[in-house]
Amino acid sequence: MVVTTNNNLVQNTTYKVVIPFYVYAALSFFAATVLLFLSDNAFTQHYFHPRTLAITHTMALGWGTMIILGASHQLVPVLIEAKLFSNFLAYLSFVLAGLGIPLLVYSFFTFQLNWIAQIGAILINAAIICYLTNLAVSIWQSKKENVHAVFVFTASVWLLVTALIGLLLLCNFSQSILPKDSLHYLSLHAHIGIVGWFLLLVIGVGSRLIPMFLISKYDNRKELWLIYFLLNGALISFIILFFSGVDDVLFMLPMACTLVVLILFAKYCYKAYQQRIRKQVDEQVKISLLSVAMMLLPIVLLLMMIVLLVFSFANARLALAYGFSIFFGWLTAIILGMTFKTLPFIVWNKVYHNRAGKGKTPNPKDLFSESVFNKMGIAYLAGFCLFLTGVLLSNAITLQVASVLLLITAVLYNFNVLKMLFHKPLIK
Amino acid sequence: MNEVITNDQEKCDQSLAALHHVIDPEIGLNIVDLGLLYQIDFDEGNKIVFVSMTLTTQFCPMGDSIRSNAGKAMQHAFPQYTIDIDLVFDPPWSQERISEQGKQFLNQ
């Protein structure tokens, strides 16, 4: 007989909460690449184009945000060393966001920014409030201070700010409620989302997961706090400068802070890599580490845009390349890598949890095809580089070929996700 | 280097041999070389084996399975005993607990 006297093991969040987010994100990635394939000519025009807006929101909300929400319901308990407060709130945030996102994307695609778009945005805001409440109570109940959890919570507050501004901008299209037109506030909405939500969250979670997956003893809390204050400082100073209507050259200040943050985070990852005990680094971690380097590309493009703006020369191609390098570059690369470091464990636990000791079980990494993953990685890198070239050169043929490669990436990604989800137990 | 505290070295060695077959699925290394075992004591009067072990993190997603597999491996090695597994996180696991063989395996 086997008994357990002391079960200090905190229960993981049930797979029933987490998996729907992953499935939704995978389908959104596929939908975004289909839209990209059908709309490649939109990327030779101004960035304020209905199809570009539809693709950007599919990527930012359906792909990036949904997978992060799903993964964080699993990861936050790990970070704060306590149980998730409410599964119901997690389900509710999934349902609300899941309904709101298509409404919003459809409205952008057809460029009918009416009540349908507003309902979509309200539902998304409600989903974020549910998520934020769940997070806040979970952290409060844990009573353990943890720098990673502070990153996640602050990032989620910025997500809510981004979504609220988005809702305001939508309302401003039909009734003039803001002093200027919505296009004027677009960079505010976008940068709070990119820096406040995505960047802060990726650094907060990545600084915990990358050393963990590498089995590295590197840990530098001081540096993480410095990153935290620098990044939030950059964002707040950007907001102040935005409303002050000052000279464009002053925007170099928040940009420089962000650049320092990226260099510090890259250094953090490099140190973790150097001090790793596990020498062999798998492809999933490699692509995640590559995404850290890919963070520098948007900053270079942004620097070029600001320099051109100082000389009163706005370049729409650079703006498109900037947005593309964030959503299809850095963000997609990290998700492609991390999906296959997190989902296999969730599925493995679902299938083999009650079968432990009944025979030889496969390893979590055996639940998906490594060869399909490698092909996906090649298609992705080729598609990304080619599409970026196509945007910068405004070349329709390059864009068309690149969009096919990105579509193939999404198909292979979905294949592996479905392969994991439909995995049948190898032992009874 | 990790050392397992015990009141019966011979039976402890037998236990470690059995637990060598329990693998952490993420790392691919057995729990003995990974240094997850703290103490194995034998109560001969009541026929109970007390196993005190840890995990690499308190929220290890594989925690339940590793513990369950360790219990089954011990039960197989000592069928006449009740196996009592105590999961502890103080002191927490650290990389220093990985054995030399474990480090060699991870260096491959």
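Above this text you will find the structure in question.
Residues numbered from 1 in each chain as written. Chains lettered and ligands numbered in written order. Predicted model: local features only at pLDDT ≥ 70, side-chain atom pairs only at ≥ 80, totals over all residues.

*Asks:* Summarise the overall build of chain A; cite the residues concerned and give the values.
*Replies:* A tally of regular secondary structure across chain A gives 13 helices and one strand. Taken from N to C terminus, the helices and strands of chain A fall in the order β-α-α-α-α-α-α-α-α-α-α-α-α-α. Its C-alpha atoms give chain A a radius of gyration of 21 Å, within 12% of the compact-globule value 22 Å for 428 residues. Each principal axis of the C-alpha distribution contributes one length, and for chain A these read about 75 × 45 × 45 Å. (Helix = DSSP H or I, 4+ residues; strand = E, 2+ residues; numbered from the N terminus. Rg over C-alpha atoms; globule rule 2.2 N^0.38 Å.)

*Asks:* Go over unusual backbone geometry with me, naming the residues and quoting the values.
*Replies:* In this structure, P91 of chain B follows D90 of chain B across a cis peptide bond, with omega equal to 5°. Here P91 of chain B lies in the loop between β6 (82-87) and α3 (100-107). If you check the backbone angles, I215 of chain A has positive phi at about 50° while not being a glycine. Within the secondary structure layout, I215 of chain A lies in the loop between α6 (186-214) and α7 (221-244). On the basis of neighbour counts, which here come to 20 C-beta atoms within 10 Å, the residue I215 of chain A falls in the buried class. Its identity is not glycine, yet S394 of chain A carries a phi of approximately 55°, on the positive side. Mapped onto the fold, S394 of chain A is located in the loop between α12 (370-393) and α13 (396-421). (Buried ≥ 20, exposed ≤ 12 C-beta atoms within 10 Å, placed from the backbone.)

*Asks:* I'd like a description of the environment of I408 of chain A, backed by residues and values.
*Replies:* Residues and elements named next belong to chain A. Turning to its location among the elements, I408 is positioned in helix α13. Here I408 falls in the partly exposed class, since 18 other C-beta atoms lie within 10 Å of it. Separated by 32 residues in sequence, I408 and M376 have C-alpha atoms that sit 7.4 Å apart.

*Asks:* Report on the packing of helix α2 (residues 50-80) of chain A against helix α3 (residues 87-110) of chain A, specifying residues and quantitative values.
*Replies:* Residue and element names in this part refer to chain A. Interhelical geometry of α2 versus α3 gives an angle of 170° and a closest axis separation of 8 Å. Judged by the inter-axis angle, α2 sits roughly antiparallel to α3. Counted together, P50, R51, L53, A54, H57, T58, L61, G62, M66, L69 and H73 of α2 and A90, S93, A97, I101, L104, V105, F108 and F109 of α3 form the full contact between these two elements. (Axes fitted to C-alpha atoms, helices over the stretch in contact; angles between N-to-C directions. Parallel < 35°, antiparallel > 145°, perpendicular 65-115°, else oblique. Contact = placed C-beta atoms within 7 Å.)

*Asks:* Residues and numbers for the environment of S176 of chain A, please.
*Replies:* All names here are of chain A. If you trace the backbone, S176 turns up in the loop between α5 (147-174) and α6. Judged by C-beta crowding, with 11 C-beta atoms within 10 Å, S176 ranks as exposed. Considered as a pair, S176 and L201 are 25 residues apart in the sequence and their alpha carbons are 33 Å apart.

*Asks:* So what about the nonpolar core? Which residues, and what values?
*Replies:* Residues I124, V152, L200, L201 and F387 of chain A together with A70 of chain B are the most contacted members of the largest nonpolar core, which totals 173 residues. Here this core takes 22 residues from helix α11 (residues 316-352) of chain A, the largest share from any one element. (Core = buried A, V, L, I, M, F, W, Y, C linked by C-beta atoms within 7 Å.)

*Asks:* Go over the pairing of strand β5 (residues 48-53) of chain B with me, naming the residues and quoting the values.
*Replies:* All names here are of chain B. On β5, burial follows the alternation: V49, V51 and M53 on one face are buried, whereas I48, F50 and S52 on the facing-out side are not. By the bridge criterion, six bridges tie strand β4 (residues 37-43) to β5 in an arrangement that is antiparallel. By the bridge assignment, I40 is partnered in β5 with V51. What sits between the antiparallel neighbours β4 and β5 is a turn of four residues, in which K47 has the positive phi angle 55°. Here β5 runs beside β6; their pairing, made up of six bridges, is parallel. Across the sheet, V51 pairs through a bridge with I85, a residue of β6. (Pairing = 2+ DSSP bridges.)

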